[in-house]
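Structure assessment
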Amino acid sequence: MRILLVSGSTRAASTNSAALRAMHEHRPAGIDTVWYEDVAGLASLPAFNPDHEDELPPAVAILRAAIDAADAVLFCTPEYAGSLPGSFKNLLDWTVRGGNLYGKPVAYVSVAAPGRGAGAEANLRTVLGYVGATLIADACARVFVVREAVGSDGRVTDRPTRDQLVAALATFAEAAAAVTAPSQ
Ligand SMILES: Cc1cc2nc3c(=O)[nH]c(=O)nc-3n(C[C@H](O)[C@H](O)[C@H](O)COP(=O)(O)O)c2cc1C
């Protein structure tokens, strides 16, 4: 089970990126994770332009290859202005023509404070539905990552928070494996 971890934030001390980094660095045995920021990263992508479909920008080709190589994708995004950050929607737009998320098991983890982030979640569900991803609703989780829990190195310093994030990854991996397992 290889899971691609995609953050919707470009901020260096991002709580969303730190959450995914914690999952990646503390992944349980048997779960292979790829942290998209290690591969290229959200900020590497140019603004979406349908004219560039025939000659893809290298960063877009890398993104599509990373999704294609993954069995499942886990997202973690902040909410901006009641919706998704433009740079993250841009990433999702680049996958539409490629069909890369079609049928792919996906879920998201929200690290927003309790009562926040519902707009981002709703919009992410809309886009994932549009691209035909297989959203595993039961594996979508909420783990509040307070800014103070992210160190200057971009890592989650709080052990209980880290453990909850790793548990969310394990739940998603199990659910995604069940979805992708060949039927008997
Ligand atoms: C431009 C901008 C717009 C934001 N809009 C919202 C919003 O609509 N709702 C909300 O709950 N938080 C909003 N926030 C707060 C962010 O979601 C919050 O700072 C989050 O921690 C950012 O994620 P990050 O730490 O991964 O960068 C906004 C922040 C910025 C910079």
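Quick look at the structure, then. (Residues numbered from 1 in each chain as written. Predicted model: local features only at pLDDT ≥ 70, side-chain atom pairs only at ≥ 80, totals over all residues. Heavy atoms only, no water.)

Only one face of strand S2 (residues 32–35) is buried, namely the one carrying Thr33 and Trp35, since none of Asp32 and Val34 on the opposite face is buried. In this structure, strand S1 (residues 2–7) lies alongside S2, joined through four bridges in parallel fashion. Pairing of Leu5 across the sheet is with Trp35, part of S2. (Buried < 20%, exposed > 50% of the residue type's maximum accessible area, 1.4 Å probe, protein only. Helix = DSSP H or I, 4+ residues; strand = E, 2+ residues; numbered from the N terminus. Pairing = 2+ DSSP bridges.)

Before going further, it helps to spend a moment on unusual backbone geometry. Its identity as a non-glycine residue notwithstanding, Ala81 has a phi of 50 degrees, on the positive side. Residue position: Ala81 is located in the loop between strand S3 (72–76) and helix H4 (86–96). We classify Ala81 as exposed; its relative accessible area is 89%.

What follows covers the site of the ligand. Inspection of the region around the ligand gives Ser9, Arg11, Ser14, Thr15, Asn16, Pro78, Glu79, Tyr80, Ala81, Gly82, Arg116 and Arg147 as its neighbouring residues. Here an oxygen atom of the ligand and a side-chain polar atom of Ser9 are 2.8 Å apart. Coverage of the ligand by the protein chains reaches 64% of its 630 Å² of free accessible surface. Residue composition of the shell around the ligand, by class: three nonpolar, five polar and four charged. (Near = heavy atom within 4 Å. Polar contact = N/O pair within 3.5 Å; in protein donor to acceptor, adjacent residues only side chain to side chain. Areas by Shrake-Rupley, 256 points an atom, 1.4 Å probe, with all protein chains shown as cover. Nonpolar A, V, L, I, M, F, W, Y, C, P; charged D, E, K, R; others polar.)

It is worth spelling out the packing of helix H1 (residues 15–25) against helix H6 (residues 159–180) at this point. Between H1 and H6, the shortest axis-to-axis distance is 9 Å and the interhelical angle comes to 70 degrees. By the angle between their axes, H1 is roughly perpendicular relative to H6. Facing H1, whose interface residues are Ala19, Ala22 and Met23, H6 presents Arg162, Leu165, Val166 and Leu169. (Axes fitted to C-alpha atoms, helices over the stretch in contact; angles between N-to-C directions. Parallel < 35°, antiparallel > 145°, perpendicular 65-115°, else oblique. Contact = heavy atoms within 4.5 Å.)

Turning to the pattern of salt bridges, a few remarks are in order. Using the criterion set out here, one finds eight salt bridges in the structure. Across the salt bridge formed by Asp93 and Lys89, the nearest N and O atoms sit 2.8 Å from each other. One end of the pair is Asp93 and the other is Lys89, both in helix H4 and four residues apart, which spans about a single turn. Each of Arg21, Glu25, Asp153 and Arg155 takes part in one network of salt bridges that share partners. (Salt bridge = Lys/Arg side-chain N within 4 Å of Asp/Glu carboxyl O.)

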